[in-house]
Amino acid sequence: MNHCNYTIYGIPVKCNHPISYLNMQSTSKAGLFLSIQYMKTELQMNQILIHSTQQGYRIQLAHYMDVLIHHDKPIIECQTEKEEYLFSTLFNIPFSVYFTLQNELLLHVSSMECQNRLLCFAGEKGTGKSTLVSALDGKFLQIYSDDTLRVDRHQFGYRAHPYTKLTNETLQKLNLKNYTDRYNISGKRYCYIQTDANERKLAAFILLKRSNNINCVNLYNMNHSLETPFLLQNIVGIQFFNSELIRKCLSLIQYFRINCYILEIPNDLNYLIDSKEEIISQIKEKILGAQ
């Protein structure tokens, strides 16, 4: 059987099926094998379950995909009906569990590259992480990743793939042309990220808050005890983790040393776009200027 080679989250991955929109690599080496079986799953529920079995961790992603992460070998098995389901769910909770077992973290953040470092933007679902980084994208700040970021023990960040997800309204407002014809399961369209960057060192962790004002505050240095709940709540899928996975996450967080900020941004999309330069000025002065 011919296999396809990809780089996912900075890891060489060998796969038994091609994955659309991912660039194939020529290398034959692989740190992980991804086994995909396209067939109708037996899952009938609308919830997410993660539990440990003799073989490894089984992850049931509602009716979209059934995943097994092996304990004793670097293999992730996926059973799903459509490639759309695979592309929308694989890079989130399944890889979060996998990286936790590898003593690394998968954070729910959008990130931007600046001076060879990464600014990580966190916030609740719907806060506007993808919208903000798309609006700020330019000469000074460049989009690096959307929604998730693998962080290793040396605090280097790696993206899953070179795509971000945006609503059609945001695409029109920002006048973006780099969109594809692919949508995720929530109806957002994938857009290509124009960057050749590989891994980048984390510079700051920025929590987004919707407000009528634009302001940036240095919340604390994450050497302090507040780091644990702040980072923990931004691990992908943490609310579904069992006690073993949560304990591993807590132990990993203790090694993080990164400055943390709150960035207040406009609630209105038009106001956000018009305030681009003011937001960049706040980032330059209060985040990058403080390091």
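Here, every reference points to the structure presented above.
If you're wondering where the values come from, they're calculated on a predicted model, not measured in any experiment.

### Brief notes about the environment of Ser-26
Logical step 1: Locating Ser-26 in the fold gives a position in the loop between strand S2 (11-15) and strand S3 (32-38).
Logical step 2: Taking the C-alpha atoms as reference points, Ser-26 and Tyr-192, 166 residues apart in sequence, are found 22 Å from one another.

### Side note on the pattern of salt bridges
Logical step 1: In the structure shown here, the tally under the stated rule is 5 salt bridges.
Logical step 2: Here Arg-150 ties to Glu-104 by a salt bridge, and the two come within 2.8 Å at their closest N and O atoms. Here Arg-150 is found in strand S12 (residues 149-151), whereas its partner Glu-104 is found in the loop between helix H2 (93-101) and strand S8 (105-107), with 46 residues between them in sequence.
Logical step 3: Among the residues examined, Arg-150 registers a relative accessible area of 9% and is labelled buried.

### Here we look at the sheet that holds S2
Logical step 1: The sheet built from 7 strands is open, its strands ordered S1-S2-S3-S7-S6-S5-S4 with mixed pairing. Looking at strand neighbours, the two that pair on one side only are strand S1 (4-8) and strand S4 (48-52), the edges of this open sheet. If you compare each strand with its neighbour and ignore which way they point, the axes differ by 20 degrees on average.
Logical step 2: On top of the sheet, H2 reaches S1, S2, S3, S4, strand S5 (56-61), strand S6 (65-70) and strand S7 (75-80); it is set at about 160 degrees to S5, its chief contact.

### A look at empty space enclosed by the protein
Logical step 1: Here the structure, examined in full by the defined rule, presents 1 cavity of 30 Å³ or more.
Logical step 2: Volume-wise, the largest cavity comes out at about 60 Å³.
Logical step 3: Lining the largest cavity are Asn-103, Glu-104, Leu-105, Val-151, Asp-152, Arg-153, Gln-155, Leu-252, Tyr-255 and Phe-256.
Logical step 4: Of the residues that constitute the lining of the largest cavity, the class distribution is 5 nonpolar, 2 polar and 3 charged.

### A word on the environment of Ala-62
Logical step 1: You can see Ala-62 is positioned in the loop between S5 and S6.
Logical step 2: The class of Ala-62 is buried, set by a relative accessible area of 10%.
Logical step 3: Here the alpha-carbon distance between Ala-62 and Lys-125, two residues 63 residues apart in the chain, equals 19 Å.
Logical step 4: Residues contacting Ala-62, with those up to four places away along its chain left out, are Leu-43, Met-45, Asn-46, Gln-47 and Ile-48.

Reading guide: rules and limits
- Residues numbered from 1 in each chain as written.
- Predicted model: local features only at pLDDT ≥ 70, side-chain atom pairs only at ≥ 80, totals over all residues.
- Heavy atoms only, no water.
- Helix = DSSP H or I, 4+ residues; strand = E, 2+ residues; numbered from the N terminus.
- Salt bridge = Lys/Arg side-chain N within 4 Å of Asp/Glu carboxyl O.
- Buried < 20%, exposed > 50% of the residue type's maximum accessible area, 1.4 Å probe, protein only.
- Pairing = 2+ DSSP bridges.
- Axes fitted to C-alpha atoms, helices over the stretch in contact; angles between N-to-C directions.
- Contact = heavy atoms within 4.5 Å.
- 1 Å grid on protein atoms, 1.4 Å probe; cavity = no way out; pocket = protein on both sides within 12 Å on 5 of 7 lines; lining within 4 Å.
- Points joined across faces, edges and corners; volume = space filled by probe spheres on them.
- Nonpolar A, V, L, I, M, F, W, Y, C, P; charged D, E, K, R; others polar.

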